[in-house]
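Residues per chain, in single letters:
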Amino acid sequence: MVGVVEPLVPRMQGFGTTIFAEMSALAVETGSINLGQGFPDTDGPPSMLDAAVEAIRNGGNQYPPGPGLPELREAVAAQRRDRYGLEYDPATEVYATVGATEGIAASVLALAGPGDEVVVFEPYYDSYAATIALAGAERRPVTLRPSEGRFTFDPDELRAAVGPRTKAILVNSPHNPAGTVFTRGELEAVAAVCREHDLVAITDEVYEYLTFDGAEHIPLASLDGMRERTVSVSSAGKTFSVTGWKTGWVTAPAPYVRAVQTVKQFTTYAAGGPWQRAAAHALRHELGWVEELRVSLQAKRDRLVSGLEAAGFRTYRPQGTYFVQADIRPLGFTDGMELARALPEKAGVVAIPTQVFYDHREAGAHFVRFAFCKKDEVIDEAVERLARLT
């Protein structure tokens, strides 16, 4: 309309359509293979799917309790105890969310506000930047750089990023999109900064089971002095290949859970009941299926890495997640955004330009991200098409 100004509030200007929506639309438009967005093309364990159907058919379709169904909170508490030795009271220290993305958003909105700063490791999942902006806070990025075949950070740069206004550090491990699983030493560096400056840590652990080559996921909350200052977020989506269910959870000391609840109860109020019930079932009974998934994903990773290298990319073999970082410079390209937008026409494949996940875009300009959580025949066809680039 003539004379209508941009209605978007200033803090959210610059956050337009996500790169995932843009590239997925391009995949549909061009008939390309979508190795951009990270979702599997197969479903989770049948008993989990049956549990959801049973819940739907047996009356589980009304509002569940706002904090989550007791059976899910109890299953999450048992998982944290049995896998990591972390004790949480399911009644006061576990909280269900609409996926991990909402859990992270509610945590940031509850714990940081105007004038505060939140430290993030870049490249970062794109919702982090938007959530920090929604809170009216400022992000302070610490860059992950390639070193000895993996991405890591300089502890001195982490310490330098913390100032008097820093409120929280947002930690993602296993890391999307870099594929890094932070070592105990790296996590100790983060923990030391949190303890020294009295910071809260918000951890995104959605890929906690999907690690490769013996890499171990270590929750930051398990380190000395960190349980009482860590808000941990995870979900069923990646663990059980049900990304569309958007069923996640927060585990934290009770005061932090109450803070998260204060925000979350005014956004979605409650997460879907049938999916909560099914996720609880899967956490109790389907971790063997998850181990088979992990093994298959490691093989898919190797399949894609081999194909990308044969096509001329330099790759960084991820220690976890769904994603491979590929350096495009050996192929004669320097701008990942430009290549990603051209790839559908050049090769019939969609990837994500990694630079959109950086504040310092020059650090990621020469990388694109490919997803390997796909059927083997899809990966094979994609790498065959990508060979056209040479």
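Residue indices begin from 1 for each chain and proceed along its sequence in written order. Where local features are concerned, this predicted model is filtered to residues with pLDDT of at least 70; where side-chain atom pairs are given and counted, the filter is 80 or more; whole-chain, interface and lining totals use all residues. Each side-chain value is worked out from all heavy atoms of the structure, with water and hydrogens disregarded.

Naming follows an unreviewed UniProt entry, where the protein appears as Pyridoxal phosphate-dependent aminotransferase of Actinomadura yumaensis. UniProt positions are given in the numbering used here, feature names are shortened, and annotations may be inferred rather than shown by experiment. As stated in UniProt under Cofactor (unreviewed entry), the record for the protein gives "pyridoxal 5'-phosphate".

Asks: I'd like a rundown of the sheet that holds strand β4 (residues 138–143), residues and numbers included.
Replies: A pair of strands is considered paired only if DSSP assigns at least 2 bridges between the two. Elements are defined by DSSP. Helices are runs of H or I of four residues or more, strands are runs of E of two residues or more, and each kind is numbered from the N terminus. The strand order across the open sheet built from seven strands is β2-β10-β9-β8-β7-β3-β4, with neighbouring strands paired in mixed fashion. Single-partner strands in this sheet number two, and they are β2 (94–97) and β4. On average, each strand axis in the sheet is inclined to that of its neighbour by 20°, with strand direction left out of account. Both strand β7 (residues 166–172) and strand β8 (residues 200–204) contribute to a ladder of five bridges, which runs parallel. From the neighbouring strand, A168 faces β8, where its bridge partner is V200. Two residues qualify as a contact provided that any one of their heavy atoms is within 4.5 Å of a heavy atom in the partner residue. Axis geometry follows a simple rule: fit a line to the C-alpha atoms, using only the stretch in contact for helices, then measure angles between N-to-C directions, giving values from 0 to 180 degrees. Helix-sheet contacts for helix α4 (residues 99–111) involve β2, β7, β8, β9 (230–235) and β10 (248–251), and the interaxial angle to β9 is about 160°.

Asks: Give a description of the pairing of strand β15 (residues 367–371) that names residues and reports values.
Replies: Only protein chains enter the area calculation, which uses a 1.4 Å probe; residues under 20% of their type maximum are buried, those over 50% are exposed, and those in between are partly exposed. β15 sits mainly inside the fold: five of its five residues count as buried. Here β15 shows two buried faces, one formed by F367, R369 and A371 and the other by V368 and F370. Both strand β12 (residues 323–327) and β15 contribute to a ladder of five bridges, which runs antiparallel. Residue pairing for β15: D327 is matched across the bridge by F367. Both strand β14 (residues 352–353) and β15 contribute to a ladder of two bridges, which runs antiparallel. Its bridge partner lying in β15, I352 is registered against R369.

Asks: An account of the pattern of salt bridges is needed here, citing residue identities and associated values.
Replies: Salt bridge criterion: a side-chain nitrogen from Lys or Arg within 4 Å of a carboxyl oxygen from Asp or Glu. Under the definition given, this model contains 25 salt bridges. Measuring nitrogen to oxygen at the nearest pair gives 3.3 Å for the salt bridge that ties R80 to E205. On the criterion of sequence distance, the pair formed by R80 in helix α3 (residues 70–84) and E205 in the loop between β8 and β9 is long-range, its members being 125 residues apart. Like E205, R80 is buried. Taken together, the shared-partner salt bridges connect E117, E138, R140 and R165 into one network.

Asks: Could you give an account of the side chain of R301, with specific residues and numbers?
Replies: Within the secondary structure, R301 is located in helix α10 (residues 287–310). Judged by relative accessible area, R301 falls into the buried class, the value being 1%. Filtering out sequence-adjacent residues up to four positions away, R301 remains in contact with F212, D213, R317, P318, V324 and F372.

Asks: Any chance you could break down the nonpolar core for me, citing the residues and the numbers?
Replies: Nonpolar cores are built from buried Ala, Val, Leu, Ile, Met, Phe, Trp, Tyr and Cys residues. Side-chain atoms within 4.5 Å join them into one set. The biggest cluster of nonpolar side chains holds 85 residues, and the ones touching the most others in it are M48, L304, F313, F370 and L386. Listed in part, the 28 residues of the second largest apolar core include L144, A161, V162 and Y316.

Asks: So what's going on with the UniProt feature "domain: Aminotransferase class I/classII large" (unreviewed entry) in the protein? Residues and values would help.
Replies: Following the UniProt record, the feature "domain: Aminotransferase class I/classII large" (unreviewed entry) maps to residues 33–386 here. Taken end to end, residues 33–386 comprises 40% helix and 18% strand; its first and last C-alpha atoms sit 11 Å apart.

Asks: Which residues make up helix α2 (residues 46–57), and what values go with them?
Replies: What a helix is expected to span follows from its residue count: subtract one and scale by 1.5 Å. An ideal rise of 1.5 Å per residue puts 16 Å on 12 residues; α2 measures up with 16 Å between its terminal C-alpha atoms. Lining the buried residues of α2 we find α9 (273–285). One or two residues past the end of α2 sits G59, with phi positive at roughly 90°.

Asks: Quick one: what's the story with the pairing of β12, residue by residue and with numbers?
Replies: Among the five residues of β12, five are classified as buried, and the element is accordingly described as predominantly covered. Where burial is concerned, the two faces of β12 agree: the one with F323, Q325 and D327 and the one with V324 and A326 are both buried. Pairing of strand β11 (residues 314–316) with β12, which is carried by three bridges, proceeds in the antiparallel orientation. Residue pairing across strands places Y316 opposite Q325, the latter belonging to β12. The hairpin turn running from β11 into β12, its antiparallel successor, is six residues long, and T321 in that turn takes a positive phi close to 80°.

Asks: Can you tell me about the packing of α4 against helix α8 (residues 254–264), naming the residues and giving the values?
Replies: Where α4 contacts α8, the two axes come as close as 8 Å, and the packing angle between them is 105°. Considering their axes alone, α4 and α8 lie roughly perpendicular with respect to each other. Residue-level contacts link E102, A106, S107, L109, A110 and L111 of α4 to Y256, A259, V260, V263 and K264 of α8. Under the grouping applied here, Gly and all other residues not named as nonpolar or charged are polar, the nonpolar ones being Ala, Val, Leu, Ile, Met, Phe, Trp, Tyr, Cys and Pro and the charged ones Asp, Glu, Lys and Arg. For the contact of α4 with α8, the per-class residue count stands at eight nonpolar, one polar and two charged. Put simply, angles under 35 degrees are roughly parallel, angles over 145 are roughly antiparallel, angles from 65 to 115 are roughly perpendicular, and the rest are oblique.

Asks: Explain unusual backbone geometry residue by residue, including any values.
Replies: The peptide bond linking S173 to P174 adopts the cis configuration, its omega dihedral lying at -10°. Locating P174 in the fold gives a position in the loop between β7 and α7 (184–197). Cis geometry is found at the peptide bond from N176 to P177, where omega equals 15°. Residue position: P177 is located in the loop between β7 and α7. Here the phi dihedral of E148 falls at roughly 55°; this positive angle occurs in a residue that is not glycine. Structurally, the position occupied by E148 is in the loop between β5 (145–147) and β6 (150–152). Phi at D198 is positive, roughly 55°, even though this residue is not glycine. Within the secondary structure layout, D198 lies in the loop between α7 and β8. For D198, a relative accessible area of 59% gives the class exposed.

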